[in-house]
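# Overview (structure and organization)
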Amino acid sequence: MQNLFFTSLLVLTGGSIISLIVQRDTKLSYVSSVFSMFGSLLALIFSIGALITQSTLTTTLPTSFPMFNISLHIDPLAAFFILIVSLIALPASLYGIGYMKQYAKEYNLGVFGFFYNIFLISLLLVITAHNALYFLFVWEIMSLSSLFLVIFENKKLQIIKSGFIYFIMTHAATAFILLSFLLLFQFTGSFDFETIKQHFASIPFVIQTIIFLCMIIGFGTKAGIVPFHIWLPWAHSAAPSHVSSLMSGVMIKIGIFMLFKMFLDILPQTPLWLGYVVLIIGAVSSILGVLYALSEHDIKRLPAYHSIENIGIILLGLGSGLIFIALKQPSLAMLAITAGLFHTLNHAVFKSLLFLGAGSVISQTHTRNIEEYGGLIKLMPYTAIFFLVGAVAISGLPPFNGFVSEWLTFQSLFSGIATSSILIKSIFIFGAACLTFTGGLAAACFVKAFGITFLARSRSIESEKATEVSPLLLISMGTLAVLCLTLGVFSFFVITNIQLIVKNLSLFSSKTSSLSSTGISLQVNQNVAHLNMPVIFLVMAVFIALSFGLVYIVSRKQKVVLRTVWDCGFNALSPKMEITATGFSRTLILIFRGIFQPSKQHEIEYVDADIRYFSKSKTVTLGIVNIYEAYLYYPLHNGLSIISKQIRKIQSGNVNQYLLYIFILLLGLLIFARY
Amino acid sequence: MSIFIIILKLILLPTLSPLCVGIVRKVKAYMQNRRGAGIFQPYYDLWKLFHKDEVIARDASWIFYLTPFLLFGLSILLPLGIPLLGSIESLSFFGDFIITIYLLATMTFFIALSGLDVGSAFGGFGSSREMTIAALTEGTLLFSFLPIALVTHTTNVILMATTASGLPFFNYLPFVIAFMGFFIALMAETGRIPFDNPSTHLELTMIHEAMILEYSGKRLALIEWANANKFIFFIILGVNLFFPWGLSTTANLSSLLFPFILVIVKATTLIVGVAILESSMAKLRLFRLPDLLLTGFIFCVISLITVTI
């Protein structure tokens, strides 16, 4: 069993080395992707095995450094996340074979393959790490290898800038994580998670609070919570599409995984306020994520903002779970945590599908601006269907998987509203309100994304020349699209297994969940609610087929004539007359003007400046203000610059002055050592 | 037995839905001092459309072709989740209000896509407006169910209604407040004044009609019919969930006659109410609509707080 996991790591290592060896020959660049596919397949089999047997594997390899053990710990929760990683890595690597060909002439694919495999290894290792120092080591490998994947197209200035933002944010996050681990070490005397788990209760309350907050900021930044999310749209849009799908589908889930692992397993019995904080962060992230997605016209930044939204939905589940734990209602907590875990899996699947779809479109049209697409459904029919499946799933529409996990999240939030305390009640009402508006706005956003990209007529010459992508790309997208439907329809099976994982946490041992599945039907006891996805799917299919049949009987004789669109009697409609993505979302942006602060700037150039009647050209610039950047990050950045400039003054270049510094320092140290 | 009642419901509601539209139009005509067409006119219209040839835009994709069928299929499926007569129709797999709302969202999603599909400016702006309103309505709609769900400890609409029908009279106050929120959502979802004017083709104001402008023949008939189905669905839901008096709680066939008469009376009242309200106010500006929807949402939250304190 365990050997399977190590074999998978070995295969991936082999892939990274071979990728470097064959880097001169671009024709052989697919070899490393084959290795990554094989490696992730092995990891997939391993994780399924581990989940079926519900076994916990623990191995410790001692090293010559004190405190630093290579300590592996694979409990069912970790196995579930290995499943997510490998489930996405498999199609993403397959996609990579076909997708990376376009870069062969310009960039070094060998180095890419190297970092890609290292990235996969680090993802697997981070999930299994059970020693804080070793964890930080592999965490850093994960951050750095993904950074090199982000800046793969290093000849573009924009991409280097994106990479830099990612670099800064990810290391700021690591600093907070480091701080929390050092505090834990200070009070428990160990970096080993198992020891920390046993001694955590003895840590003073204030320190516990600091540790919790540091973890939320640190892991939350990696997960992409508001307001630490700013790296996410940059990094996800810069990386090659299958890397974006891995980063958005999988890597940000590592942050989520650590929050689950820390708050439910390592540091259990979290205080009530932590649940509030997580739930409110989740609610705010979900609503702001989707609002910013609405204003986005870049086909890769748009789903990146939706990742923030979905991380918010996952945290709504985790947050309500933590509140229920603190309220000593474990059965409801199990429902909420199951909802969070299931949405983690679902989001991984449909978000990677959307990124792969976006990648296919970009590879054909060579632009990321959706205003320049249009009519692609006729040129790229399969890509369109797969993207539509992803769009429907992420909007949470039945019978796809997104609906089921949102249903579970709603059920847990409703259970929270039914609690007695007015404060808890209002927080849950806030969460549920955010979730409903998120659902509606996500649907609006994906009508825009799919409609403007694939429907109507082409808006640019590039998009007219698009053709369907190669079968490799289609197979990997198709697999994920089928998964979206299967995870939705057979959700009862998946949820039963996720419940087992939750039950395995020591917090919930010998507790019964308020969510149960009888046969193919899900049942929530608290709210007396049922959901039977297979039957709902069947009923939907039957009724739609029925309407086909009835109409066929009534009006099969009537003809269908094809004509051009009604153009109000003028000449034929041009693509300029179609609605744009900007126009589509402008109404919503104006409605939420408090958040977006939209601006409109007219620039008119007149033929004769004195007689302002005939304009030569007109420009309208529509803008929105990014409130985090404007009110949080720019002031922070400016403040840092000012302080740095002040500090620079002590660097005079005069040797005598430096000697004075050394002397003062020495004196200070002596005094410090004496007292 | 209960299967029989459910099938009857599934056939009855789509059959009666054009009549509801006819009644609304007739009442509106009276209010405008016109005689108006007969209340059966929508049936003749559907019949006529089903027997006409279709003109479809060349740019249309399969989404445009498929949407009417999907819309109609889902619209005749919706009544599964709501009570017409009483607990006899209860289904354990269907009837959660979350899935009902998300099925409505699915319908909106696809009609908005088909509005974009042909690439005319009308369709695009119709879709944009429709999605804007739908996105803001969803919260109001979902929250209007929530107070009753909390009182009755279930999210199954049929159980909610039948449980609520046995409550003492004074417990209905929060229901009435929630109903005000629901009513605003109803007007928005079914495209009524002040949100949308179903009888106009003025490009500045139309929402729903703009999206379906390119449809003709049988597909137009299906969409019109699906909308009528949606309307009757909301009417029955409104009267039976928020005013659940007289719903039968037994599986006895003879006890179903009174609920049946009662639901017809209640539904007709609400339909006439909608028509009178539509005649007595003007369409609001698009940017005033969020305020109205937010008002509805606040009604629901007030009701929620009243229920839970």
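Residues numbered from 1 in each chain as written. Chains lettered and ligands numbered in written order. Predicted model: local features only at pLDDT ≥ 70, side-chain atom pairs only at ≥ 80, totals over all residues.

In terms of regular secondary structure, chain A is built from 25 helices and 8 strands. Principal-axis analysis of the C-alpha atoms places the extent of chain A at approximately 95 × 75 × 60 Å. In chain A, which comprises 675 residues, the share counted as buried stands at 53%. A separation of at least 24 residues holds for 79% of the contacts in chain A among residues at least 6 apart in sequence. (Helix = DSSP H or I, 4+ residues; strand = E, 2+ residues; numbered from the N terminus. Buried ≥ 20, exposed ≤ 12 C-beta atoms within 10 Å, placed from the backbone. Contact = placed C-beta atoms within 7 Å.)

Turning to the sheet that holds strand S5 (residues 529-531) of chain A, a few remarks are in order. Residues and elements named next belong to chain A. Spatially, the 3 strands line up as an open sheet ordered S3-S4-S5, and their pairing is antiparallel. Since the sheet does not close on itself, it has two edges, and those belong to strand S3 (515-518) and S5, each with one partner. Direction aside, the axes of adjacent strands within the sheet are offset by 25° on average. Across 3 bridges, the pairing between strand S4 (residues 521-524) and S5 is antiparallel. Residue pairing in the sheet places Leu 522 in a bridge with Leu 531 of S5. Its contacts with the sheet place helix H20 (residues 491-504) against S3 and S4, and it is angled at close to 135° to S3. (Pairing = 2+ DSSP bridges. Axes fitted to C-alpha atoms, helices over the stretch in contact; angles between N-to-C directions.)

The next subject is the domain arrangement of chain A. When the parts of a complex come together, some accessible area is lost, and that lost area is often taken as the interface size. Domain boundaries assigned for chain A yield domain 1 (578-623) and domain 2 (629-674). Of note, the centres of domain 1 of chain A and domain 2 of chain A, computed from C-alpha atoms alone, are 47 Å apart. (Domains from an automatic or database assignment.)

With that settled, consider the environment of B:Glu54. Inspection of the secondary structure assignment puts B:Glu54 in strand S1 (residues 54-57). Each C-alpha atom, one on B:Glu54 and one on B:Arg25, is 26 Å from the other, the two residues being 29 residues apart in sequence. Other than its neighbours up to four places away in sequence, B:Glu54 contacts A:Gln558, A:Val560, A:Val561, B:Ser216, B:Gly217, B:Lys218 and B:Arg219.

Facing the 66 residues of chain A at the interface are 70 residues of chain B. Contributing elements (two or more residues each) for the side of chain A that touches chain B: helix H14 (376-379), helix H16 (401-417), helix H17 (422-454), S5, helix H21 (533-555), strand S6 (560-563) and helix H22 (581-591) of chain A. Here the side of chain A that touches chain B takes 13 residues from H17(A), the largest share from any one element. By residue class, the composition of the side of chain A that touches chain B is 44 nonpolar, 16 polar and 6 charged. Two strands pair when backbone bridges link them, and S6(A) and S1(B) are joined in this way by 4 bridges, in the parallel orientation. Across the sheet, A:Val560 pairs through a bridge with B:Glu54, a residue of S1(B). (Nonpolar A, V, L, I, M, F, W, Y, C, P; charged D, E, K, R; others polar.)

Bringing the packing of helix H3 (residues 62-77) of chain B against helix H9 (residues 217-242) of chain B into the picture now. Residues and elements named next belong to chain B. Relative orientation of the contacting elements H3 and H9 amounts to 25°, with a least axis distance of 8 Å. Overall, the two elements H3 and H9 adopt an arrangement that is roughly parallel. Pair H3 / H9 crosses with left-handed handedness. Counting all contacts with H3, which are made through Pro 68, Phe 69, Leu 71, Phe 72, Ser 75 and Ile 76, the residues of H9 involved are Arg 219, Leu 222, Ile 223, Trp 225, Ala 226, Asn 229 and Lys 230. When its residues are assigned to classes, the contact of H3 with H9 shows 9 nonpolar, 2 polar and 2 charged. (Parallel < 35°, antiparallel > 145°, perpendicular 65-115°, else oblique. Left-handed = near helix turned anticlockwise from the far one by under 90°.)

All names here are of chain B. Along the chain, the position of Val 263 falls in helix H10 (residues 257-280). Among the residues examined, Val 263 registers 20 C-beta atoms within 10 Å and is labelled buried. Considering only alpha carbons, one finds Val 263 and Leu 247, 16 residues apart in sequence, at a separation of 8.5 Å. In contact with Val 263, not counting residues within four places along its chain, are Leu 84, Leu 85, Ile 236, Val 239 and Asn 240.

The next thing to look at is the confidence of the model for chain B. When the pLDDT values of chain B are averaged, the result is 90; 99% of them are 70 or greater. Confidence metrics for the complex model read pTM 0.95 and ipTM 0.96. (pLDDT = per-residue confidence, 0-100.)

Further remarks concern unusual backbone geometry. The bulk of non-glycine residues show a negative phi, and the bulk of peptide bonds are trans. Cis geometry is adopted by the peptide bond preceding A:Pro399, which originates at A:Pro398 and carries an omega value of 5°. Looking at where A:Pro399 falls in the secondary structure, it is placed in the loop between helix H15 (381-394) and H16. In this chain, B:Ile193 is followed by B:Pro194 through a cis amide linkage whose omega measures 10°. Positionally, B:Pro194 belongs in the loop between helix H7 (173-189) and helix H8 (208-211). Of note in this structure, A:Gln597 is not a glycine but carries a positive phi near 50°.

All names here are of chain A. Membership of the largest hydrophobic core comes to 337 residues, with the highest contact counts inside it found for Val 85, Leu 123, Leu 353 and Cys 484. With 20 residues, the single largest contributor to this core is H17. When neighbours within four sequence positions are excluded, Cys 484 is seen to be in contact with Val 349, Phe 350, Leu 353, Val 389, Gly 390, Ala 393, Phe 400 and Asn 401. (Core = buried A, V, L, I, M, F, W, Y, C linked by C-beta atoms within 7 Å.)

A separate point is helix H6 (residues 157-164) of chain B. Residue and element names in this part refer to chain B. Of all the 8 residues making up H6, 8 are buried; the element is thus mostly covered by neighbouring parts of the structure. Taken as a whole, H6 has its buried residues at Val 157, Ile 158, Leu 159, Met 160, Ala 161, Thr 162, Thr 163 and Ala 164. Tucked into the core, H6 has its buried residues touching helix H4 (97-117), helix H5 (121-152) and H9.

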